[in-house]
Amino acid sequence: MLEALRLARFSLVLRAEEELWLPPYQGSTLRGGFGSAFRRVACSRAAQRGPLPDCHGCALGSVCPYAYVFETAPTPGSQVLRKYRDVPRPFVLEPPLQPRGEYKAGERLVLGLVLVGRGIDYLPYFVVAFRELGKQGIGRRGGRSHRGRFALEEVRAVEEAGAGEVGTAEAG
């Protein structure tokens, strides 16, 4: 069964366009902001006003990138996962191992991204969502709602074992 499991690792290089202030637990901040940005770029109902319902029951749920990536359901006919409404998401965001609270304009922040199975097919949506998140900004400073903007500078494909680069693509 696992011989068919596909994995792809990427490195995302973000360049601060202004000061970024991130909390000690950067992973949850990055994932939350990324999830909102992903929904705005991928969900057909994201333009609606007010809070959006979850994707279960949406007529486009079976073909929607957001529904697959963030509200992943078992594959129809799956015997292993048939009892579950949700299954593990097809991606992992890896924040820096040594997080910093402050990134000055021009400094880089490197994230890891692991895509699993069909999630690999949605890489373009991940790229667009990170670009949008960078325009919107992320983080806070001293409780104030200052969100620092960043640019997605580069997306690199990384070997599965993490030993080196397989390829590089400019994100701009």
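Residues numbered from 1 in each chain as written. Predicted model: local features only at pLDDT ≥ 70, side-chain atom pairs only at ≥ 80, totals over all residues. Heavy atoms only, no water.

Each helix and strand counted, the chain has three helices and seven strands in total. Across the chain, helices and strands are ordered from the amino to the carboxyl terminus as β-β-α-α-β-β-β-α-β-β. Burial statistics for the chain: of 172 residues in total, 37% are counted as buried. A separation threshold of at least 6 residues defines the contact pool for the chain, and within that pool the share at least 24 residues apart is 62%. (Helix = DSSP H or I, 4+ residues; strand = E, 2+ residues; numbered from the N terminus. Buried < 20%, exposed > 50% of the residue type's maximum accessible area, 1.4 Å probe, protein only. Contact = heavy atoms within 4.5 Å.)

This prediction gives the chain a mean pLDDT of 82; 81% of its residues lie at or above 70. For the stretch residues 161-170, pLDDT sits under 50, and the model shows 16 contacts to residues farther than four places along the chain or on other chains. (pLDDT = per-residue confidence, 0-100.)

Turning to the pairing of strand S5 (residues 108-116), a few remarks are in order. As defined by bridge partners, strand S1 (residues 7-16) adjoins S5 across nine bridges and the pair is classed as antiparallel. Considered in S5, the bridge of Arg-9 is made with Val-114. When strand S3 (residues 91-94) meets S5, the two strands line up antiparallel, connected through four bridges. Each bridged residue has a counterpart across the sheet, and for Phe-91 the counterpart in S5 is Leu-115. (Pairing = 2+ DSSP bridges.)

Attention now goes to the packing of aromatic side chains. Geometry of an aromatic ring pair is reported as the spacing of the ring centres plus the angle between the planes. With the rule as written, the count across this model stands at 14 aromatic pairs. Ring pairing ties together the aromatic residues Phe-34, Phe-38, Tyr-66, Tyr-68, Phe-70, Phe-91, Tyr-122, Tyr-125, Phe-126 and Phe-130, which thus form one cluster. One Lys or Arg, Arg-118, reaches over the ring of Tyr-68 and ends 3.9 Å from the middle of that ring. (Phe/Tyr/Trp six-rings, centres within 6.5 Å; stacked < 30°, edge-to-face > 60°. Lys NZ or Arg CZ within 6 Å of the ring centre and 35° of its normal.)

Attention now moves to the nonpolar core. Phe-34, Phe-38, Phe-91, Leu-113, Phe-126 and Phe-130 are the most contacted members of the largest nonpolar core, which has 38 residues in total. Within the residue set of this core, elements represented by two or more residues are S1, helix H1 (26-42), helix H2 (65-70), S3, S5, helix H3 (123-136) and strand S6 (150-158). With six residues, the top contributor of residues to this core is H3. Not counting chain neighbours up to four residues away, the residues in contact with Phe-38 comprise Cys-43, Pro-65, Tyr-66, Val-69, Phe-70, Tyr-125, Phe-126 and Ala-129. (Core = buried A, V, L, I, M, F, W, Y, C linked by side-chain atoms within 4.5 Å.)

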